[in-house]
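Okay, here's what each chain looks like letter by letter:
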Amino acid sequence: MASSSTIECPPPMKASSNGIFQGDNPLHFALPLVIVQICLVVVLTRVLAYILRPLRQPRVIAETIGGILLGPSVLGRNQKYLNAIFPPRSLTVLDTLANLGLLFFLFLVGLELDPKALRRTGKKAISIAVAGISLPFVLGIGTSFLLRATISEGVSEGPFLVFMGVALSITAFPVLARILAELKLLTTDVGRMAMSAAAVNDMAAWILLALAIALSGTGRSPVVSIWVFLCGSGFVLLCIFVAPHIFKWMAQRCTEGEPVDEIYVCATLVSVLAAGFVTDTIGIHALFGAFVLGVLVPKEAPFALSLVEKLEDLVSGLFLPLYFVSSGLKTNVATIQGAQSWGLLVLVISTACFGKVVGTVCVSLCCKIPFREALTLGFLMNTKGLVELIVLNIGKDRGVLNDQTFAIMVLMALFTTFITTPLVVTIYKPANITKSEYKHRTIQRKESSTQLRMLACFHSTRNIPTLINLMEISRGTGKRGGLHVYAMHLMELSERSSTMLMAHKVRNNAMPFRRKGHVSDKNQIVVAFEAFQHLSQVSVRPTTAISAMSTMHVDICKSAQRKRLAIIILPFHKHPRVDGHLETTRGDLRYVNIRVLENAPCSVAILVDRELGGLSHVSASNVAYVVTVLFFGGPDDRESLSYGALMAEHPGITLNVVRFIVDADIIGDSIQLDMNSDHHVKETEPDEQFLKELKEKVSNNDTIKFKDNVVRDSEEMVNSIRTYSRCNLFLVGRIPEGQLVEALNKKGECPELGPVGNLLISADFSTSASVLVVQQYRSKLPGDSLNSLVAENTKE
């Protein structure tokens, strides 16, 4: 006979207190308690993320560990702490907020997956994804039989088998993207393959999860599971036929560069909540509806990026960590006791790693991928993350996973993700693989008919018009084998960098703008470069550097080495104001430029952009620029003049070559020069020979004008330079040689520009001309050039 004992339920928590002065304990009320919980979670996870940063671990590791530390495994062993900060009656509010944040996060995850990109995924990536799902899924089912016979007795067999299979076969797409970006593998062949395979894997995992949820109904007829699955499928089909048209209509009314109308954002967010309500009513899970809606939002328009920018910080930074705490409160590592339980933990970890790595490696080798890269792919595909925790929490809430099995699976996910970075760093070293030697590292060369390969870097659309106009005048006559340009977008990797942006850039990295069977994304940057390529017949390929600003120079220099470039064009860290003076755009960009100058495998030029040609691309027939080269002597000046001579091949360019010579009869206070010394003769001999050969070569070109300016001192030199201030572009060497320039301030405001470059950007020098400061490649920079950079770099 059943006992009829009365259970007294605690009263519900009120929202806010009357304050401690009226005798209320704030921790006994829902609002102040949840504020304390959020602050505690965010602070702890951020501190852990900072501690783990030297190990290059993704933030999900810190958040998972933080959740476990706050739960019954560590701090929760103290019942006073647990009852004060996480009392049982507060968990409903905490779980609701956590799941609300998770709902919108899964919408963002859906935004990161592009169905069109999945259809374009190659056979290799699909094969790797299928192998990475199939073998772990089968092994997970096999492991589930052993777990049911030991620590999971009495659980429903069907749902348990499916949940275990899904849990072991998942690859965390967002976490993988973060790891690849941190390791600078995002734009490598391995990175692109891993991202494509993980995207397919992620989509398949959600389908399997929906199936697992449909099967996990408690105490109901199997017919109910069929109805759940059919209704869920009907919901997805309805969304596929209706949602894209609505979102496309919204996206067409959002132009790039302008804020998205608030009504569209609000309507989208309400739609996400409504989709979550529908799928929760069906019995799948509210998260599934949000994810499906995110997948169906058009990825090409700025509308999707605007949604990411508005949601990402609040959701990922504030609400998402609550989910890890909610998960951590359910994880009690103390339930793993005895040799049997720890042995099962080792078995689950080994099975998960074996299935992913072996399955991926075998198929990769069949696709003729080298073993080292195949093994790297295997460990990358073994990355777990938030989606894994979602699967486990749903299984726990539905009674499919008990406390001990849940703790084992959480530790498995944590371990497999933690080991990914150190194993990949140990196995795969792309720096050694891509290291190569090549001949043409400068513009100045004997074989003038060879192709010029250039890397043009930009960090915003502000730089695009001037870069395109610079490319136009750099293409010469085409007799040199043509101009081949890589347009590199410098994107800072920060904690809020969207995986969608990473995946989109990776898919288009170093690929032609026009590809057969592919409609390129019509954003402002692509349209500009695509139009220029079509009109000028210059080969332009997009590429991307996604990195922290402190290591951005590594991406630039490696790309230059790998693509065998002759020159890198870098944007200056300042831009002109309306009054003509320069103001800082990005201070950290300056240190990127300095490090590139120190480590570049080819010549480097820094472009001080004063809107060369205006705010749009000037067609070849309308080009009418005056370019002035200030020549003092030395390798850098010879390189800048070589670049100027190339520009002069364009019919719209007039080139003024101004050589400054010290008046031999004058000895000023600032100039002491022995014109007859052996050192002087040896120093100027390469310049004389270079000028002689150049004059002979361009003798038939009337657009090139040489002029020797004999000056008495630096003041006269500066006044002479002022007479050319109405030109469109100045070309100067970074470190000119000769005692004339020694009178100038060599340190200047920006040593990376050299003395003449600093003169041309100073407030005292009035000009609207853009400035290109060139440094010629040498295997080892001379002392003066290197010392100025090192001294400035150490100030950072």
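Please read these numbers as outputs of a predicted model, since none were measured by experiment.

With respect to the overall build of the protein chain
Next, step 1: Helices and strands together make up the secondary structure of the protein chain, namely 28 helices and 12 strands.
Next, step 2: Sorting the 796 residues of the protein chain into buried and exposed places 56% on the buried side.
Next, step 3: Expressed as a percentage of contacts within the protein chain between residues at least 6 apart in sequence, the contacts between residues at least 24 apart total 80%.
Next, step 4: If you sum the accessible surface of the protein chain, you get close to 35000 Å²; carbon and sulfur atoms cover 59% of it.

Here's the deal with the environment of Leu273
Next, step 1: Following the sequence through the fold, Leu273 ends up in helix α11 (residues 262–282).
Next, step 2: Separated by 16 residues in sequence, Leu273 and Gly289 have C-alpha atoms that sit 8.4 Å apart.

Notes on helix α22 (residues 552–562)
Next, step 1: Counting buried residues in α22 gives 8 out of 11 residues, a clear majority hidden from the surface.
Next, step 2: Trailing α22 by a residue or two, Arg564 shows a phi angle of about 55°, which is positive.

Re the sheet that holds strand β3 (residues 539–547)
Next, step 1: A sheet is described by the order of its strands in space; here 10 strands give the open sequence β3-β2-β1-β4-β7-β12-β11-β8-β9-β10, paired in mixed fashion. Only two strands of the sheet have a single partner each, and these edge strands are β3 and β10 (704–711). Direction aside, neighbouring strands of the sheet carry axes that sit 20° apart on average.
Next, step 2: Packing against the sheet, helix α26 (residues 714–722) makes contact with β8 (625–631), β9 (653–662), β10 and β11 (729–733), and its axis sits at approximately 155° to β10.
Next, step 3: Docked against the sheet, helix α27 (residues 754–761) engages β7 (603–608), β8, β11 and β12 (770–775), running at close to 155° with respect to β11.

As for the side chain of Lys574
Next, step 1: Within the fold, Lys574 resides in strand β5 (residues 574–576).
Next, step 2: Those residues within four positions of Lys574 in sequence are excluded, and the remaining contacts are Leu582, Glu583, Thr584, Thr585 and Glu749.

So, the nonpolar core
Next, step 1: Ranked by internal contacts, the top residues of the largest apolar core, which has 147 residues, are Phe86, Leu106 and Phe303.
Next, step 2: Sequence-distant contacts of Phe86, that is, excluding residues within four places in its chain, are made with Gln37, Leu40, Leu70, Tyr81, Leu91, Leu94, Val325 and Leu329.
Next, step 3: Residues Leu455, Ala545, Leu565 and Phe572 belong to the second largest nonpolar core, which totals 52 residues.

Observations concerning the confidence of the model for the protein chain
Predicted coordinates in regions of low pLDDT should not be interpreted in detail.
Next, step 1: Across the protein chain, the average pLDDT comes to 81, with 85% of residues at or above 70.
Next, step 2: Note on residues 510–522: pLDDT under 50 across the span, and 28 contacts to partners over four residues away in sequence or across chains.
Next, step 3: The low-confidence segment residues 667–679 (pLDDT under 50) makes 16 contacts with residues lying over four places distant or belonging to another chain.

Some remarks on a nonpolar patch on the surface
Next, step 1: Together, Leu211, Leu215, Val223, Ile226, Trp227, Phe229 and Leu230 make up an exposed nonpolar region whose accessible area comes to about 670 Å².
Next, step 2: The set of elements that each furnish at least two residues to the nonpolar patch consists of α9 (189–215) and α10 (222–252).
Next, step 3: Tallying contributions element by element places α10 first for the nonpolar patch, with 5 residues.
Next, step 4: If you trace the backbone, Leu211 turns up in helix α9.

Cut-offs used in this document
- Along each chain, residues carry numbers from 1 onward, in the same order as the chain's sequence is written.
- Only residues with pLDDT of at least 70 are given local features in this predicted model, and only at 80 or more are side-chain atom pairs given and counted; all residues enter the totals for whole chains, interfaces and linings.
- The basis for the side-chain values is all heavy atoms of the structure; hydrogens and waters are excluded.
- Put simply, DSSP H or I for four residues or longer makes a helix, DSSP E for two residues or longer makes a strand, and each gets a number counted from the N terminus.
- Here's how the labels work: a residue is buried when its accessible area is under 20% of the maximum for its type, exposed when over 50%, partly exposed in between, all with a 1.4 Å probe on protein chains only.
- Residue contacts are defined here by distance: any two heavy atoms, one from each residue, within 4.5 Å place the two residues in contact.
- All accessibility values rest on the Shrake-Rupley procedure with a 1.4 Å probe; residue burial counts only the protein chains present in the view.
- Note: two strands are recorded as paired if DSSP finds a minimum of 2 bridges between them.
- Helix axes use the C-alpha atoms of the stretch in contact, all axes being lines fitted to C-alpha atoms, and the angles between their N-to-C directions lie in the range 0 to 180 degrees.
- What we call a nonpolar core is a set of buried Ala, Val, Leu, Ile, Met, Phe, Trp, Tyr and Cys residues that are connected through their side-chain atoms within 4.5 Å.
- Every residue carries a pLDDT, the predictor's confidence in it, which falls somewhere between 0 and 100.
- Each patch groups residues whose relative accessible area exceeds 30% and which form no salt bridge, using 9 Å between like charges and 5 Å between nonpolar side chains of Val, Leu, Ile, Met, Phe, Trp and Tyr.
- Salt bridge, as applied in this entry: a Lys or Arg side-chain nitrogen positioned within 4 Å of an Asp or Glu carboxyl oxygen.

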